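Listed below, chain by chain, are the residues.
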Amino acid sequence: MKKFNLFNEIIVTNKQELLNAINSAKTFAINHKGEICFPPYKEKEILIFEGKYTPKAPSALTPHTPPTLNDIFGKNYQIVEDDDRVLIKAFSNWQELIKLNTPRASYDDTTGDGVSEFSNSDLEDIGWNATEFNITYREMIEFLEAECKGTLLCIEQEEPYQFSGLGFLSDDDEAKEKLFKFCQEKAKHLIENDPLYAKENLSDDEAEAAEFLKCL
């Protein structure tokens, strides 16, 4: 998976397309590639901004003054206009971006407790059964991030260390196949080499998980 660290990334979008979206008076968004998009969003769309501009009716006391891009994006964005482009830094809006993107993320790694489940039911079935053999979600996440295609939307810095991220797997079927094999091999190794997990010593839950992982 590729890491998209908002501390480092500058999102570049087309200025005219952005202005058209603003003037449409519709809800619109900008994804991490700088593309303008409208609801409904794609299944794994990663958004760095969502908004809707509704102009206020002018009056004698408050004549209409067009808002600036800074007004529309708000204080948590850094905006630079460069000819026909708009450059955006979004890391300060991270907490809102978590809420915006979590419904489409494959997993949530934004809390101190770490990842506790996968959003895809097939991956979650594997994860749930794998934990019976002390295979942690952290191990599974690290494996998927190393072996599968996708994007890790995050904020990460070294000093002081800080990390918070949302994972978006590009191909759930690929991830399912690879994760199943990974957990199957680790469970088989335990059953064959650890007396506590010998076939005859398995609990009912462990035996059910071993059957699911096809390692008996």
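Residues numbered from 1 in each chain as written. Predicted model: local features only at pLDDT ≥ 70, side-chain atom pairs only at ≥ 80, totals over all residues. Heavy atoms only, no water.

### Re helix 3 (residues 94-101)
The complete set of buried residues in helix 3 reads Trp-94, Leu-97, Ile-98, Leu-100 and Asn-101. End-on view of helix 3: buried residues confined to an arc of 165°, all on one side of the axis. Across helix 3 from its buried face, at more than 90 degrees, point the exposed residues Gln-95 and Lys-99. Residues of helix 3 that are buried in the fold lie against strand 5 (47-51), strand 9 (150-157) and strand 10 (162-169). (Buried < 20%, exposed > 50% of the residue type's maximum accessible area, 1.4 Å probe, protein only. Helix = DSSP H or I, 4+ residues; strand = E, 2+ residues; numbered from the N terminus. Arc of directions from axis to C-beta. Contact = heavy atoms within 4.5 Å.)

### Here we look at the packing of helix 5 (residues 137-147) against helix 6 (residues 172-193)
Between helix 5 and helix 6, whose axes approach to 10 Å, the crossing angle comes to 130°. With respect to each other, helix 5 and helix 6 are oriented oblique. Crossing geometry of helix 5 relative to helix 6 is assigned as right-handed. Side by side, helix 5 and helix 6 meet where Glu-139, Met-140, Phe-143, Leu-144 and Glu-147 of the first sit next to Glu-174, Ala-175, Lys-178, Leu-179, Phe-182, Cys-183 and Lys-186 of the second. Counted by class, the contact of helix 5 with helix 6 contains seven nonpolar, no polar and five charged residues. (Axes fitted to C-alpha atoms, helices over the stretch in contact; angles between N-to-C directions. Parallel < 35°, antiparallel > 145°, perpendicular 65-115°, else oblique. Left-handed = near helix turned anticlockwise from the far one by under 90°. Nonpolar A, V, L, I, M, F, W, Y, C, P; charged D, E, K, R; others polar.)

### Here we look at the packing of helix 4 (residues 121-130) against helix 6
The interhelical angle for the contact between helix 4 and helix 6, taken along N-to-C directions, is 15°, at an axis separation of 9 Å. Viewed along their axes, helix 4 and helix 6 adopt a mutual orientation that is roughly parallel. For the pair helix 4 and helix 6, the crossing hand works out as left-handed. Of the residues in helix 6, those in contact with Asp-122, Leu-123, Ile-126 and Ala-130 of helix 4 are Asp-172, Ala-175, Lys-176, Leu-179, Phe-180 and Cys-183. Taken together, the residues that form the contact of helix 4 with helix 6 break down as seven nonpolar, no polar and three charged.

### Quick look at the sheet that holds strand 6 (residues 78-82)
Spatial strand order, 2-7-6: three strands in an open sheet with antiparallel pairing. A strand with exactly one partner marks an edge of an open sheet, and here the two such strands are strand 2 (11-14) and strand 6. Ignoring which end each strand starts from, the neighbouring axes of this sheet average 25° apart. The sheet contact formed by strand 2 and strand 7 (residues 85-89) spans four bridges and is antiparallel. Counted as the bridge partner of Asn-14 is Arg-85 from strand 7. Each of strand 2, strand 6 and strand 7 is contacted by helix 1 (residues 15-23), which is oriented at about 75° to strand 2, the strand it contacts most. (Pairing = 2+ DSSP bridges.)

### Observations regarding unusual backbone geometry
In this model, Pro-39 is joined to Pro-40 through a cis peptide bond whose omega is 0°. Within the secondary structure, Pro-40 sits in the loop between strand 4 (36-37) and strand 5. Omega for the peptide link from Glu-159 to Pro-160 comes to -15°, which places this bond in the cis form. Considering the arrangement of structural elements, one finds Pro-160 in the loop between strand 9 and strand 10. For Ala-25, which is not a glycine, the phi torsion comes out positive at approximately 60°. Mapping Ala-25 onto the fold places it in the loop between helix 1 and strand 3 (28-31). Located in the positive-phi region is Asn-134, a residue other than glycine, with phi close to 55°. By relative accessible area, which is 56% here, Asn-134 ends up exposed.

### Looking at the pattern of salt bridges
Using the criterion set out here, one finds nine salt bridges in the structure. For the salt bridge of Glu-156 with Lys-3, the shortest nitrogen-to-oxygen distance reads 2.8 Å. Taken as a pair, Glu-156 in strand 9 and Lys-3 in strand 1 (residues 2-5) lie far apart in primary sequence, 153 residues in all. Relative accessible area serves as the criterion here: at 15%, Glu-156 is assigned to the buried category. The residue Lys-15 makes a salt bridge to Glu-81 at a minimum N-O spacing of 2.7 Å. (Salt bridge = Lys/Arg side-chain N within 4 Å of Asp/Glu carboxyl O.)

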